[in-house]
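# Working through the structure, step by step
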Amino acid sequence: MFYAPMLFSSIGFKDDAALMSVVITGVVNVVATCVSIYGVDKWGRRALFLEGGVLLEPSLEWMETLVICQSGMLLLWFSSFAFAWSWGPLGWLVPSEIFPLEICSTAQSITVAVNMLSTLLVAQVFLQMLCHIKFALFIFFAFFVLFMSFFFYFFLPETKGIPIEEMPKVWKAHPFWARFVQHHDYDNRVQMGKGPIVKCS
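Note that the structure is predicted; figures quoted are calculated from it, not measured.

Right, let's talk about the overall build of the chain for a bit. Check the secondary structure of the chain and you find 8 helices and 0 strands. Counted from the first residue to the last, the chain has its helices and strands arranged as α-α-α-α-α-α-α-α. Scored against the burial criterion, the 201 residues of the chain give a buried share of 36%. A separation threshold of at least 6 residues defines the contact pool for the chain, and within that pool the share at least 24 residues apart is 70%. Of the roughly 12000 Å² of accessible surface on the chain, 71% is carried by carbon and sulfur atoms.

Glancing now at the confidence of the model for the chain. Residues of the chain with pLDDT of at least 70 account for 86%, and the chain-wide mean is 83. At the low end of the mean pLDDT range in the chain sits helix 1 (residues 4-10), at 73; at the high end sits helix 7 (residues 137-155), at 93.

As for its position among the elements, Ser86 is in the loop between helix 4 (72-84) and helix 5 (87-98). On the accessibility criterion, Ser86 (0% relative accessible area) is buried. Setting aside residues up to four positions removed in sequence, Ser86 forms contacts with Leu48, Phe49 and Gly52.

With that out of the way, let us pick up the pattern of salt bridges. Taken as a whole, this structure holds 3 salt bridges when the rule is applied. Close ionic contact of Lys169 with Glu166 constitutes a salt bridge, the shortest N to O distance being 3.2 Å. The buried category is assigned to Glu166, whose relative accessible area is 19%. Within this structure, Asp41, Arg45 and Glu97 form a network of salt bridges that share partners.

Phe8 and Phe49 are the most contacted members of the largest nonpolar core, which totals 34 residues. Listed by contribution, the elements that provide at least two residues to this core are helix 1, helix 2 (15-43), helix 3 (45-66), helix 4, helix 5, helix 6 (104-133), helix 7 and helix 8 (167-173). For Phe49, the contacting residues outside a window of four places in its chain are Ser86, Trp87, Leu90, Gly91, Val94, Phe152 and Leu156.

For the coordinates displayed, the defined rule picks out 19 aromatic pairs. Here the aromatic rings of Phe150 and Phe154 are separated by 6.4 Å at their centres, their planes lie at 5 degrees, and the arrangement is stacked. One end of the pair is Phe150 and the other is Phe154, both in helix 7 and 4 residues apart, which spans about a single turn. Members of the aromatic cluster, each reached through a chain of ring pairs, are Phe49, Trp87, Phe151, Phe152, Phe155, Trp171, Phe176, Trp177 and Phe180.

Cut-off values and rules
- Residues numbered from 1 in each chain as written.
- Predicted model: local features only at pLDDT ≥ 70, side-chain atom pairs only at ≥ 80, totals over all residues.
- Heavy atoms only, no water.
- Helix = DSSP H or I, 4+ residues; strand = E, 2+ residues; numbered from the N terminus.
- Buried < 20%, exposed > 50% of the residue type's maximum accessible area, 1.4 Å probe, protein only.
- Contact = heavy atoms within 4.5 Å.
- Areas by Shrake-Rupley, 256 points an atom, 1.4 Å probe, with all protein chains shown as cover.
- pLDDT = per-residue confidence, 0-100.
- Salt bridge = Lys/Arg side-chain N within 4 Å of Asp/Glu carboxyl O.
- Core = buried A, V, L, I, M, F, W, Y, C linked by side-chain atoms within 4.5 Å.
- Phe/Tyr/Trp six-rings, centres within 6.5 Å; stacked < 30°, edge-to-face > 60°.

Structure follows, in structure tokens:
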């Protein structure tokens, strides 16, 4: 998104057309985010993450080939749509649902900091990668999409409809994460401090 005008210019669009393509990309992004808002509680978080991965990974791979011609623009819009209805908003939503209340504020702060630092890193290296490996950089990102899709499939529990105070039970029941949960801590309901229960946000 940061370098979309440059990408469009590099595949032959004139300045006005490149800027218009960025506007279309932004509209696609907004529409897809609205789809996510509507569907996240109907379809579940894992389903959207996995659908996003299934759509993102091949679109990034094909983009490396097709971006040389102007049909790559359609794939860029398609991958923007796939990201904005899944990984984009869920990267903010799911972390707010999975941490215990006692640490959710601190944990969410760390999550946001890591997200922003990662965005900064990508923004700093993107142009250098584009100059050195050309459009093969989409294969680089496709590899990480594939890796994360496997991670979501095997390690991310579904959090749809689960109150935050019940998340320890979800971790306890998960085939992988259960080995890291202190079982004796969650035999009964999680004990909360005095005061109103608030959802981490």
